[in-house]
Structures are given as structure tokens and as C-alpha cells.
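Structure assessment
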Amino acid sequence: MFEFLLRMGDNTLVLGHRVSEWCGHAPVLEEDIALANIALDMIGQTRLWLGLAGEVEGQGRDADALAFRRDAWDFRNLLLVERPNRDFGHTLMRQFLFDLWHHERLSDLCLSEDDRVAGIAAKCVKEADYHLERSKDLIIRLGDGSAESHRKMQDALDALWPYVGEMFSDDTLDIEMNEAGIAPLPSSQRPRFDKALSATLALATLIRPESNFAQMGGRSGTHTEDLGHMLATMQFLQRAYPDARW
Amino acid sequence: MYAQEVKSTGKGIKTHEEMSAEERDFQVRIDAGEKIEPKDWMPDGYRKNLVRQISQHGHSEVVGQLPEGNWITRAPTLERKAILLAKVQDEAGHGLYLYSAAETLGVSRADLIDDLLSGKAKYSSIFNYPTLNWADMGAVGWLVDGAAIVNQVALQRTSYGPYSRAMVRICKEESFHARQGFDIMMKMSSGTAAQKAMAQDALNRLWWPALMMFGPTDADSVHSAQSMAWKIKVMTNDEGRQKFVDQTIPQIEYLGLEVPDSAAKLNPKTGHYEFSDPDWAEFFEVLKGNGPCNVDRLRARNKAHDDGAWFRDGLMAHTKKQQIAAE
Ligand SMILES: [Fe+2]
Ligand SMILES: [Fe+2]
Ligand SMILES: [Fe+2]
């Protein structure tokens, strides 16, 4: 259960952090504001998931202790969300792929037999719904926009595609969670994801990459090189001044 | 303040006799406390001054995202990160309100932004100073937003309707900005020795630049008389600075920090604090572009703009396609 909650909370923690890196540097003011909104939602969701994770663990760690005092191998997020921002196209495509998965995931978790999980999911799904609508809209407009915006979005999709498969892979923890009625198997979401993905890509005139190769490891703690750098920044104050309260 | 370098015609104020009939009616309305609205007649000088002042104010909000954005990825707790993000997001929103207010005067946001990016337009000198430790996030909210509030509260009474209404909206959000800053300062100054040292360091560095936000001394700001007559400006630079010092020094003492000005003391007769002049030579250097961060701030805004060109163009191309398809 603890690990499962980390998987949920670390996704929003890491993605929220990546999105917050844009603050003040977005292509237009409206996007600065929109990205800050998304990052804020992600941080809020993180506090719920990691807060519950700390409770379940029962070692006296709260959401901040989990966020700021674990090293990379203890993180359980998808590799997708730690991919660097690169350009705005990558950022939007990463968000779209995540939102598409996340919205389905949260919708399923609303039916969890664990009331606490269902409660958090019910709160988060409303935000995820809004994020997904925004993401879809931008992917369609930029995919079917100028030649350059089309190319950028296709490049982003191609580059991020190897990180999609991990969202739908089942491991022993997933099987346990499924049997306990806490969370359905990730693989069960794939058909819905594929269908929604195709619909948006068609409107965006983007082409789904053919390869089914998937980079794996994030959910069990083997990350890309990027996560360590992100944590070095994010955790700096808590690590450098361990006695301080902020 | 957020518009420190507003130059008006500099010809001095006309007497009622020297004014045309239109100018006289206009001045009478202003003196009576009426608001001027976009469609009303207004002197060219009034329009020009307002455009400069409002756009400088807007640019300050936009560039003002950067010093605090510098610490968002290093915020020490999830709650602090959320508060800081929400605060910086507000500043971007303030930029939007102000650009919209400027647009009611017949300029376009795109042109205003071009002037910012080329270095032609100014923004507040304060944002050309760096944020070097976490307590700066406290000091910026407390001192910088605190100083801005002194000015913006007064500007709610400004004569131009859209500007005045933008100030009313902005002031509602600003008190949260100052409070979260002071809250960080409280935590830091009552924390570990290292935290307290950070708090003092932040105060020492930002105190003088905060005083400079109000602009040069009244004796040196020859252009403000006309702006005051038009109620574009509603408080002199020195009045604002005094008000700020009077409210802030007791807060410094409450925090248990040292006032970075050894000459600062309360004058029991006036009830006001006496304090030293900031280094005005430094102030004018910063305005000229020689502050510690002028180059970096403009480079960051230019990069954001240039890197985002394909995004803006892509969205426009899509809209065009939709319009053609609809025809
Ligand atoms: Fe503001
Ligand atoms: Fe501000
Ligand atoms: Fe503010």
C-alpha cells in the first residue's frame, strides 16, 4: 500500500516540479498562469498522496519528509514525468500523455475499496479532467497549426513515446493491489487510453509511433539520470540545513 | 515605484488661464475626483504619461516573476512551494490587468512587450537585484510587495478609471503577498542561527533597493508636479518612502533583526523615523542598465519570447485554418 501511494504521489511531485520550472519563462503570460495552475494542482495532489503514504507507513514521516528526504532509488514515479522540459512542445506532450493516463487512473481509483484512496482520487479527478481538456486542446491546435508547430509536436511525441508503455505495465505490486480491490491493473486502462489517444492525434494530424518498445524502471526505483539532478535542486535546503524548520 | 522613470512634458503646470476650454474642463473633472474613462477627451500629455506609467508597472509585474521564480524549484517544503507559485502566478496576472488597462489608451500589448524586450521601456529597478538565499523570498514579499502596496493603495485614487480599477483588484491580492513574505521572515528569524543569518543578509541587501523603489527624492523629480495635478501620481516619492519606513522599522524590530541603517531613529516630535538616503548613484546606474541583474533579466524575457514564437504562431495558424474552414 505504501509503495502504491508513493507511485501516485511521486508522479505528481515530479511532474509538478518540472512544470514549475517554467515559471516566468513561458511563451505568453497566459501560459505562465496556466502552468502555475497545473503545478499548483500537482503539488496539492502530492500532499494528499504522500501524506497518506506517511500515515500508512507509520514511521513518522510526513509528505515533506518523503518529498525532500528520499534519494532517487526510493522514488516510484513513471520515467515519463521526470523527462526534462526541453522545449514547450515536449512539456505539453508530456503533460498530455500523462493527463490521458492520469485521468483514467483516477477515475478507476474513485471506485477503490479503500475509502481513503477513493476520497483522494475523487478530489484529484476533477483537476485531472480540466488538465486533460486543456492538454487535448493545445495538442490539437499545435499539431494542426503551422508547419513548425506540427513538426515540434510530432518530434515531442516520437521522443516521449518510449515512456508510454511503462504506464500500463503490471508488476507483482499491481497484482496485489488489484486483488485487494484497491486499484485495478494498469494494463486494464490501455484500451481506453489508446482509443482516446487516437482520437486526439487524428484531430491534431499527428502520427502515433509504431514501435512498442517501452523504457521501464521508474516504478521500481531505477530512474533516468535526470531525476538525480532534479532532486539535488529540489531537496537542497532540506539537505543542507537538516535542523531547520521552514 | 513600479514606474520610477516617468518623464512628463516637464513644462510645468499650466494655469487655468493658459488652458484651452477642453483642458480646463478636464482639469475641473479631475479636481472634483471624477474618473476619466477611455472614451473621454484627454490631453495628449496625460495619455502619454499614463501609457508609460501603466506599461512600466505592467513590465515590473512581468519581470518581477523572475527573482522569485529563481527559488520555486528550491522551495523547502511543499506548502512553501505552493504559496510561492501562487504568488508569482498573481504577479503574471497583474501584468495582464495592467497591459489591458494600457490597451484602453490605444496601444497594443505586443508593442509594449517589444519595447520591454528591446530595452526601450523600463521596469522597476528592484527586479535587477538578485535573490541569493531562501530568506530573500521572505524579504521580497515583505519589503518589495510591502513598498509596492504603499504605492498601489494610493493609486486606487488615480484619475484614470481602468488604472484605478486594476489597482483595486491588485491590492486585494497584494496583502497576501506581503503576509506570506513576513511569515517566511518570522520563521527564518526565529529559526536556527543559519536561518537568522539568512534573514539578516536578505534584509541588508534588499533594504536600500526597496527604498529606491519610490524613486528619487522629490527635489530631484522635477516632472512629478504635472503628474500630481493630473492625479496620475497621488503621492510624492518622499511621502511614500516615509510611510514605508515608518511601517517597516517596527516590523524589523519585532523580527529581532538589525535595521541596516545605523542612522535610523524615531523622531518623537514628528512621530516619523529619520533615515539615511540610499545610494542614489547606484540607483541611477541600475536605471541605466548597470544593476547586477539587468542583463540577465532581459535575456530571460527575450529567450522566453523568442523560444515561444513557434507556439504563438502555431496557435494563430490553427485559428486561421478554422476560420477558412468555416467560410
Ligand atoms: Fe503585483
Ligand atoms: Fe508586485
Ligand atoms: Fe505582489
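These remarks concern the structure in this document. (Residues numbered from 1 in each chain as written. Chains lettered and ligands numbered in written order. Predicted model: local features only at pLDDT ≥ 70, side-chain atom pairs only at ≥ 80, totals over all residues. Heavy atoms only, no water.)

All chains considered together, the criterion is met by 36 salt bridges over all chains. Arg192 of chain A is the salt-bridge partner of Glu104 of chain A, the closest N and O atoms lying 2.8 Å from each other. Of this pair, Glu104 of chain A sits in helix H5 (residues 88-109) while Arg192 of chain A sits in helix H9 (residues 190-204); the two residues are 88 residues apart in sequence, bridging distant segments of the chain. Take Glu104 of chain A: its relative accessible area is 17%, and that puts it in the buried class. For the salt bridge of Arg29 of chain B with Asp40 of chain B, the shortest nitrogen-to-oxygen distance reads 3.1 Å. Placement of the pair is Arg29 of chain B in helix H1 (residues 21-31) and Asp40 of chain B in the loop between H1 and helix H2 (44-63), with a sequence separation of 11 residues. Through salt bridges with shared partners, a single network forms among Arg7, Asp171, Asp174 and Arg219 of chain A. (Salt bridge = Lys/Arg side-chain N within 4 Å of Asp/Glu carboxyl O. Helix = DSSP H or I, 4+ residues; strand = E, 2+ residues; numbered from the N terminus. Buried < 20%, exposed > 50% of the residue type's maximum accessible area, 1.4 Å probe, protein only.)

Let us now look at the side chain of Arg18 of chain A. Residues and elements named next belong to chain A. For Arg18, the position within the fold is in helix H1 (residues 2-20). Among the polar contacts listed, one links the side chain of Arg18 to the backbone oxygen of Arg83, at a separation of 3.3 Å. Residues contacting Arg18, with those up to four places away along its chain left out, are Val81, Glu82, Arg83, Pro84, Asn85, Arg94, Asp226 and Met230. (Polar contact = N/O pair within 3.5 Å; in protein donor to acceptor, adjacent residues only side chain to side chain. Contact = heavy atoms within 4.5 Å.)

Attention now moves to the coordination of the iron ion (ligand 1). Residue and element names in this part refer to chain B. With distances of 2.0 to 2.4 Å, the protein atoms coordinating the iron ion (ligand 1) are Glu61 (OE), Glu91 (OE), His94 (ND1) and Glu174 (OE). Each of the four donor atoms around the iron ion (ligand 1) contributes to a set of angles spanning 79 to 160°, which defines the coordination as irregular. Each donor residue of the iron ion (ligand 1) belongs to the same chain, and together they define the spacing E-x29-E-x2-H-x79-E. With a relative accessible area of 3%, Glu91 lands in the buried category. (Donors = N, O, S within 2.8 Å, 3.2 Å for Na, K, Ca; no water. Tetrahedral: all angles 85-135°; square planar, octahedral: opposite > 155°, others 65-115°.)

Right, let's talk about empty space enclosed by the protein for a bit. Residue and element names in this part refer to chain A. Within this structure, the stated rule accounts for five cavities of 30 Å³ or more. Taken as a whole, the largest cavity encloses approximately 80 Å³ of empty space. Lining the largest cavity we find Phe4, Arg7, Met8, Asn11, Arg76, Leu78, Trp101, Arg105, Met167, Asp174 and Arg219. For the lining of the largest cavity, the elements supplying multiple residues, two or more each, are H1 and H5. Take the lining of the largest cavity: its biggest share by element is four residues, from H1. Taken together, the residues that form the lining of the largest cavity break down as five nonpolar, one polar and five charged. (1 Å grid on protein atoms, 1.4 Å probe; cavity = no way out; pocket = protein on both sides within 12 Å on 5 of 7 lines; lining within 4 Å. Points joined across faces, edges and corners; volume = space filled by probe spheres on them. Nonpolar A, V, L, I, M, F, W, Y, C, P; charged D, E, K, R; others polar.)

Note on aromatic pairs: each is described by the distance of the centres and the angle between the planes. All told, the structure shown has 16 aromatic pairs over all chains when counted by the stated rule. Pairing Phe98 of chain A with Trp101 of chain A gives two aromatic rings, centres 5.6 Å apart and planes at 45°, and the pair type is tilted. A residue pair is termed a helical-turn pair when its members lie 3 or 4 positions apart in one helix, as Phe98 of chain A and Trp101 of chain A do in helix H5 at three residues. No difference in accessibility class separates Phe98 of chain A from Trp101 of chain A, as the two residues are buried. Measuring from centroid to centroid gives 5.8 Å for Tyr46 of chain B and Trp230 of chain B, while their planes differ by 90°, and the two rings are edge-to-face. On the criterion of sequence distance, the pair formed by Tyr46 of chain B in helix H2 and Trp230 of chain B in the loop between helix H9 (224-229) and helix H10 (237-255) is long-range, its members being 184 residues apart. We note that Tyr46 of chain B, like Trp230 of chain B, is buried. (Phe/Tyr/Trp six-rings, centres within 6.5 Å; stacked < 30°, edge-to-face > 60°.)

What follows covers the nonpolar core. Counting 166 residues, the largest nonpolar core has Met93 and Leu97 of chain A together with Tyr46 and Trp134 of chain B as the members making the most contacts within it. With residues up to four places along the chain from it excluded, the contact list for Leu97 of chain A reads Leu80, Leu157, Leu160, Val164, Met167, Phe193 and Leu197 of chain A. Among the nonpolar cores identified, the runner-up in size contains six residues, and Met212, Trp280, Phe283 and Leu287 of chain B belong to it. (Core = buried A, V, L, I, M, F, W, Y, C linked by side-chain atoms within 4.5 Å.)

With that settled, consider helix H6 (residues 115-143) of chain A. Residues and elements named next belong to chain A. For H6, which comprises 29 residues, the first-to-last C-alpha distance of 40 Å matches the rise-based estimate of 42 Å (1.5 Å per residue) to within 8%. Largest kink in H6: about 30°, centred on Cys124. A side-chain oxygen of the first residue of H6 lies 2.9 Å from the backbone nitrogen of Arg116; this N-cap is Asp114. (Expected span 1.5 Å × (residues − 1). Bend = angle between axes of the 7 residues up to and from the residue.)

Now for the packing of helix H12 (residues 294-307) of chain B against helix H13 (residues 309-326) of chain B. Residue and element names in this part refer to chain B. Put simply, H12 and H13 touch, their axes get as near as 4 Å, and they point 35° apart. Residues His305, Asp306 and Asp307 of H12 lie in contact with H13, whose contacting residues are Ala309, Trp310 and Arg312. The residue inventory of the contact of H12 with H13, partitioned by class, reads two nonpolar, one polar and three charged. (Axes fitted to C-alpha atoms, helices over the stretch in contact; angles between N-to-C directions.)

Now for the environment of Lys87 of chain B. All names here are of chain B. Structurally, Lys87 can be placed in helix H4 (residues 78-103). Linking Lys87 and Asp201, residues 114 residues apart in sequence, is a C-alpha distance of 22 Å. Setting aside chain neighbours within four positions, we find Lys87 in contact with Glu68, Val140, Asp145, Phe176, His177 and Gln180.

Turning to the packing of H1 of chain A against helix H2 (residues 29-57) of chain A, a few remarks are in order. A pair of packed helices is characterised by two quantities: the angle between their axes and the separation of those axes. All names here are of chain A. Two elements in contact, H1 and H2, have axes whose closest approach is 8 Å; the angle formed by their N-to-C orientations is 155°. Our classification of the angle between H1 and H2 gives roughly antiparallel. Of the two possible hands of crossing, H1 and H2 adopt the one that is left-handed. Mapping the contact onto sequence places Phe2, Leu5, Leu6, Met8, Gly9, Asp10, Thr12, Leu13, Leu15, Gly16, Val19 and Ser20 in H1 and Leu35, Ala39, Met42, Gln45, Thr46, Trp49, Leu50, Leu52, Ala53, Val56 and Glu57 in H2. Class assignment for the residues of the contact of H1 with H2 results in 15 nonpolar, six polar and two charged. (Parallel < 35°, antiparallel > 145°, perpendicular 65-115°, else oblique. Left-handed = near helix turned anticlockwise from the far one by under 90°.)

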